[in-house]
Amino acid sequence: MPPRRTWTYRPELDGLRMVAMVTIVFFHAGVSGAGNAFIALDLFFVLSGFLVTHVVLTEVDETGTLNLRRFYARRVRRLLPAAVLAVLGTTLLVLLTFTEPERAEFIRHAQAALVYLANWQFVAEAHDYFGTEMTASPFMHYWSLSLEEQYYIIFPLLVMMVLAAARGRQRVLLAVLGCLFVASVASQLVSANVDPVRAYYATDARLFQLLAGALVAIGVRELTRVQLTARAGAWLTALGFGGYLLLGSELFSMSASARNLLATPLACAMVLGLYTTPSTSVGRLLSAPTSVYLGKISYGTYLWHWPLILVLQRYTTTSAWVIATAALLLASAFAALSYQLVETPIRRARRLEGVDGKVVVAGLTVSVVTAAVVIAPMLASNRSPAVVLVADATEHVEGLAQIGDVADVVAEEVPVIDFGAVAKNRGPLGRCAPSAPEDCVLVDGDGPHLVLVGDSHARMLAPAFAALANERGFKLSISIAVACPWPHDLLRVGRVQERHEGPCREARDDFYTVTLPAMQPDLVLVANLARSDAGWDGHLARADGITGPADRMYSEAVQDTVDLVRSAGASMVMFHSIMGTQGWTNTGYDTLSCLAGASSLSECVVLPPSEPRPLADSIYEAAAIGDDRVASIDVNPLVCPTTVICSSVVDELAVWRDPIHVNPDIFVRHRAELWELIEESGVVDAG
């Protein structure tokens, strides 16, 4: 049997890390044309799988075994000091630049990052709120590092078990890893259809990319008779780079899952080509000293780049190119300092040799203690940011000049508010299969059966109806999915919607035709963000993929839904659009952040919408004409009782939890008035 090809350091691979790192920075900064460049992470995964496999199998070749404690100790010394330093540095940066309610959302993200469970934290949050706030988290990027660390824990154990069962036969390991690769690809494909967020973050659904790198490494070692010519290696490298450029561009429309799957063999081609034939022109560029050094510090650059981008985007109005360049330079500077002053000294410290078990325990202890003891007090502090973001609030206050002195209208001091609790107060989600309508029951009363359907706007009404159900003996069921319109056979589509589409289909498929009649409802209540205006053209589609002008599609779907609800024997109430801090738009300014730094409520007022109401409200009113068991009602007077100024605090309750969602406690507080509006509509008997 010919000898295995031995591991040789290739500086070109460090240069390849540099390319991936620069690409990720430009993607995260939102540079035009880089909207699909997230596949640079796939290259990191393949590289990591390739390199760690060589490290593990080289030791097995040289010693006949793998010293697990030494392997884990080296991982701890290489990765953990920089990560802990970056998490603490980011926490301090957040403390100086973000408000108290914003910081409260980040506590669990920082803690998960420190214990390398960030990807699963974001999977959990995606099921809770489908990650709409994750991209604003300065710890969001730790998901990929967590996934890699989980692999580093599992992979050497797997190698030891396989080689113990088939000693010296690394081709058996190749077969085992191949089977796991296939299983992970299957998990990716299944998750992509059911839950795209899980497909993106979950370890089992992304493991195939690390395993692909491992398979390439074992193939290089085992297939010694296969020698790539310089020409073949150059073509392989060019194929990988060229394919990556095309796949990472915005020329082709495809799901994130499909892009990740296609990026994996292209990344393997780049790694294999550069490793086996490094003398290509691309290899010479990547092995230049500057490229190699930037690749060596790319781990630290990755740790620092995202929070820097967030702060630059928050406090500057410059272009994405400038933000990307500035973040790259600053992150590289922090990374270089960390590499020289922290990472290298710890990695090379002789006194840490021979005490591998203690190193692992000490490293884990530092991470866990920092997560449990340090992070929460810092981020939960009521300290105001050193840099205050006032632009949005200032625009609103300046707009009030036409109506007189704001202080005379809303002069009270800001009351004590638990900003973290308000920000997290979203209301319940719920959906059920046609075969199990009882899974939608939220309150199981003996009285009339109410069914609440919609998206996050229905969600913020749900606690009020739950309280009413408990008080009045109603039965309450909910079918609420985030970003999921209530009209029958209508879906929100587009790239941003990928992560929501699976749960939305689960919630709405056969709901009005099968599930709702089985519930035997008395009253169906529906609410969602208005999606009827021209800006939604191309973003709404029937379940069969047919699309068209948003106003026509929305109107037809609403009328179809009314007919189905009435066929089920129920009355129906459609809630008008509920205002945010900037009227009917899905943007606005964050009143919680404003209140956290304000001394008077006059600093954080909201102007009532001056623009016409969304077309959706007229569609609801038209659909209710001629049927006294169908109505549309407006709950905005409960949110903003006056037509002059809307206070951001009413009865010591924050009115909005974010720019487009009302604090559910407002509706709970005014649930009696809410029910009076329904009674006054005539769809239910008063009393």
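Here the residue numbering is sequential within each chain, running from 1 through the sequence in written order. Two thresholds apply to this predicted model, a pLDDT of at least 70 for residue-level local features and 80 or more for giving and counting side-chain atom pairs, whereas whole-chain, interface and lining totals are computed over all residues. To obtain the side-chain values, all non-hydrogen atoms of the structure were included, while hydrogens and water were left out.

Caption draft 1: Spatial organisation of the overall build of the protein. In DSSP terms, a helix is any run of H or I states spanning at least four residues, a strand is any run of E spanning at least two, and both are numbered starting from the N terminus. Broken down by element type, the protein carries 29 helices and twelve strands. When its C-alpha atoms are laid out on the principal axes, the protein stretches across 90 × 55 × 45 Å. Residue burial in the protein is summarised as follows: out of 687 residues, 55% are buried. Nonlocal contacts in the protein, meaning residues at least 24 apart in sequence, comprise 80% of its contacts between residues at least 6 apart. When the accessible surface of the protein is split by element, carbon and sulfur atoms take 60% of a total near 28,100 Å². By the counting scheme adopted, Arg and Lys are positive, Glu and Asp are negative, and His together with the chain ends is not counted. By convention, the charge on Lys lies at NZ, on Arg at CZ, on Asp at CG and on Glu at CD. Taking the average place of the 50 positive charges on the side chains of the protein and the average place of its 66 negative ones, the gap between the two points comes to 20 Å. Under the scheme applied here, a residue whose accessible area is under 20% of the maximum for its type counts as buried, over 50% as exposed, and between as partly exposed, the area being computed with a 1.4 Å probe on protein chains only. It only takes one pair of heavy atoms within 4.5 Å for two residues to be counted as in contact. In this description, accessible areas are obtained by the Shrake-Rupley approach with a 1.4 Å probe, and a residue is regarded as covered only by the protein chains that are shown.

Caption draft 2: Structural detail: helix α17 (residues 356–379). To estimate how far a helix should extend, the number of its residues minus one is multiplied by 1.5 Å. With 24 residues, α17 should cover 34 Å at 1.5 Å per step; its first-to-last C-alpha distance of 33 Å lies within 8% of that length. Buried residues of α17: D356, V359, V360, G363, S367, T370, A371, I375 and L379, and no others. As for α17, its buried residues are in contact with α3 (68–97), α4 (100–104) and α5 (107–114).

Caption draft 3: Seen up close, the environment of A616. Mapped onto the fold, A616 is located in helix α26 (residues 615–624). Looking at A616, the relative accessible area reads 0%, which means it is buried. Distance in space between the C-alpha atoms of A616 and L529 is 9.2 Å, their sequence separation being 87 residues.

Caption draft 4: Representation of the sheet that holds strand β7 (residues 571–575). Here we have six strands laid out as an open sheet, ordered β1-β3-β2-β5-β7-β8, and mixed in their pairing. Two strands lie at the open edges of the sheet, namely β1 (441–443) and β8 (630–633), each paired on one side alone. In this sheet, neighbouring strand axes are inclined to one another by 25 degrees on average, regardless of whether the strands run parallel or antiparallel. In this analysis, strands are considered paired if DSSP registers two or more bridges between them. Bridge analysis of strand β2 (residues 449–454) against strand β5 (residues 523–527) gives five bridges, and the strand direction is parallel. Directly across from V453, in β5, lies its bridge partner V526. Against the sheet, helix α23 (residues 511–519) engages β2, β3 (475–480) and β5, with an angle of about 155 degrees to β2. The axes used here are C-alpha line fits, helices contributing only the stretch in contact, and every angle between their N-to-C directions lies in the interval 0 to 180 degrees. Contacts from helix α24 (residues 550–567) reach β5, β7 and β8, with the element oriented near 150 degrees to β7.

Caption draft 5: Up close: the environment of P11. Position of P11 among the secondary structure elements: in helix α1 (residues 11–28). If we skip the residues at most four places from it in the chain, P11 touches L286, S287 and V292.

Caption draft 6: Region of the structure containing the confidence of the model for the protein. Averaged over all residues, the pLDDT of the protein is 87; the fraction at 70 or higher stands at 90%. Confidence of the prediction at every residue is given by pLDDT, a number between 0 and 100. Confidence over residues 390–394 falls short of pLDDT 50; this stretch has four contacts with residues more than four positions distant or in other chains.

Caption draft 7: Layout of the side chain of R508. With respect to the helices and strands, the residue R508 is situated in helix α22 (residues 498–508). Here a polar contact is recorded for every N or O atom pair within 3.5 Å, except that within protein the pair must consist of a potential hydrogen donor and a potential acceptor, and residues adjacent in sequence are included only if both atoms are side-chain atoms. A polar contact is formed between the side chain of R508 and the backbone oxygen of C484, at a distance of 3.4 Å.

Caption draft 8: Spotlight on unusual backbone geometry. Phi is positive for Y116, which is not a glycine, with a value near 60 degrees. In this structure, Y116 sits in the loop between α5 and α6 (118–129). A positive phi angle, close to 65 degrees, is found at E652, a residue other than glycine. Its location among the elements puts E652 in the loop between β9 (649–650) and β10 (653–654).

Caption draft 9: Region of the structure containing the state of the cysteines. Cysteine sulfur atoms are paired as a disulfide whenever they come within 2.5 Å of each other. Inspection of the entire model under this criterion finds three disulfides. Disulfide partner of C432: C440, at an S-S distance of 2.0 Å. Sign of the S-S torsion, about -100 degrees for the bond between C432 and C440, identifies this disulfide as left-handed. Judged by its relative accessible area of 6%, C432 falls in the buried class. A sulfur-sulfur distance of 2.1 Å marks the disulfide that ties C640 to C646. Disulfide C640-C646: torsion about the S-S bond near -90 degrees, hence left-handed. Classification of C640 by relative accessible area gives buried; the value is 8%.

Caption draft 10: Summary view of the pairing of β2. Counting buried positions along β2 gives six out of six residues, so the element sits mostly inside the fold. Both faces of β2 are covered, namely the face carrying H449, V451 and V453 and the face carrying L450, L452 and G454. Pairing analysis gives six bridges linking β2 to β3, with the strands arranged parallel. Residue G454 lies in a different strand from β3, and its bridge partner there is I480. For the crossover that starts at β2, traverses helix α21 (residues 456–472) and ends in the parallel β3, the hand is right-handed. For a crossover, the right-handed case is the one in which the path from the first strand over the helix to the second runs clockwise, viewed with the strands pointing away from the viewer.

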